[in-house]
Amino acid sequence: MRVAFIGDIVGRPGREMLKKYLPKIRKEYEIDFVIANYENASHGFGLTPKNANEIVAYGLDCLTGGNHSWDKKEIETLFDTHEILRPHNYPDDVSGTGCKIYDVAGEKLAVLNLMGHYSMPLTDNAFRKAKSTVETLHVEGIKNIFVDFHAEATSEKRAMMMLLQGQVAGIIGTHTHVSTDDFQIANGTAYLTDMGLTGCRDNVIGMDEKVPLKQFMTGLKGHFDVPKNCKKILQMAIMDFSDGKCSGAFKLKQFDDGELLKTDAWIEKD
Ligand code: FE2
């Protein structure tokens, strides 16, 4: 199966990039299943039902979340009606789930959403939850597992990769909005520390730079805003999974002027 992952969709500019390019890319690269992180899709914070329907229509099969999952309260209703996850390591009595299983190209695919700890809300231990969930999935015979690990610290993401390497087909980080340059396949597991945002690319993590700059210059906090006009990018990982392993992967950077950059993941030799 060919699975694609898009990181944090930030506001209208991110949604516009999906509308313009996702159907074309999905067809051209014969992608079976597309996962994307929704937590910033509605003006940078959370997801409204209207925007959920909008982005799903552009070709998304499963949406993953993070620390902003509940910024729009209507998310509670969407958990029941849409293919929407929230981090699986929120306590069990919190609404929604962070793990769903799909039939894709004749095989099962599990999507697991987890959230890290540094600079994040207090939750159950992401690493213990990852280990126990993956073990349960294996017992159930589900081999193809993709993890969106929503975390701030690169060290946490590397540690999660070391914990799950060889046990899952892919782990990609989200949350920082800044893409890293370490897309690799090791022991059959595709790994990228952070996917990077889909949205505005010429400011501060997809947000107008005025408020962040004021915050850094003065120490005074403000509300971040998605710019109305900006240069945009869509970033996507495309991975081939079979029998629980990733056999090949590459990343696309689609710019809003039409330029497309493709970079292969490197394969770590034993
Ligand atoms: Fe986040």
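Data block above holds the structure.
Description of the structure in this document. (Residues numbered from 1 in each chain as written. Predicted model: local features only at pLDDT ≥ 70, side-chain atom pairs only at ≥ 80, totals over all residues. Heavy atoms only, no water.)

**Observations concerning the overall build of the protein chain**
Logical step 1: On a plain count of helices and strands, the protein chain comes out with six helices and 14 strands.
Logical step 2: Dimensions of the protein chain along its principal axes, counting C-alpha atoms only, are 50 × 45 × 35 Å.
Logical step 3: Taken across its 270 residues, the protein chain has 57% of its residues classed as buried.
Logical step 4: Put simply, of all contacts in the protein chain between residues at least 6 apart along the chain, 65% involve residues at least 24 apart. (Helix = DSSP H or I, 4+ residues; strand = E, 2+ residues; numbered from the N terminus. Buried < 20%, exposed > 50% of the residue type's maximum accessible area, 1.4 Å probe, protein only. Contact = heavy atoms within 4.5 Å.)

**A short note on the coordination of the iron ion**
Logical step 1: Donor atoms from the polypeptide that bind the iron ion are Glu39 (OE), Asn67 (OD1), His150 (NE2) and His175 (ND1), placed at 2.1 to 2.2 Å.
Logical step 2: The coordination sphere of the iron ion comprises four donor atoms, whose angles at the metal cover 88 to 155 degrees; the geometry is irregular.
Logical step 3: Sequence positions of the donors to the iron ion reduce to the motif E-x27-N-x82-H-x24-H. Here the residue glutamate 39 occupies a position in the loop between strand S2 (33-37) and helix H2 (49-57), and histidine 175 occupies one in the loop between strand S7 (170-174) and strand S8 (184-186), the gap between them amounting to 136 residues.
Logical step 4: Judged by relative accessible area, glutamate 39 falls into the buried class, the value being 1%. (Donors = N, O, S within 2.8 Å, 3.2 Å for Na, K, Ca; no water. Tetrahedral: all angles 85-135°; square planar, octahedral: opposite > 155°, others 65-115°.)

**Comments concerning the pattern of salt bridges**
Logical step 1: Per the stated rule, a full pass over the model turns up 13 salt bridges.
Logical step 2: With a shortest N-O distance of 2.7 Å, aspartate 103 and lysine 108 are connected by a salt bridge.
Logical step 3: By relative accessible area, aspartate 103 is classed as exposed at 63%.
Logical step 4: Residue classification places lysine 108 among the partly exposed residues on the basis of a relative accessible area of 41%. (Salt bridge = Lys/Arg side-chain N within 4 Å of Asp/Glu carboxyl O.)

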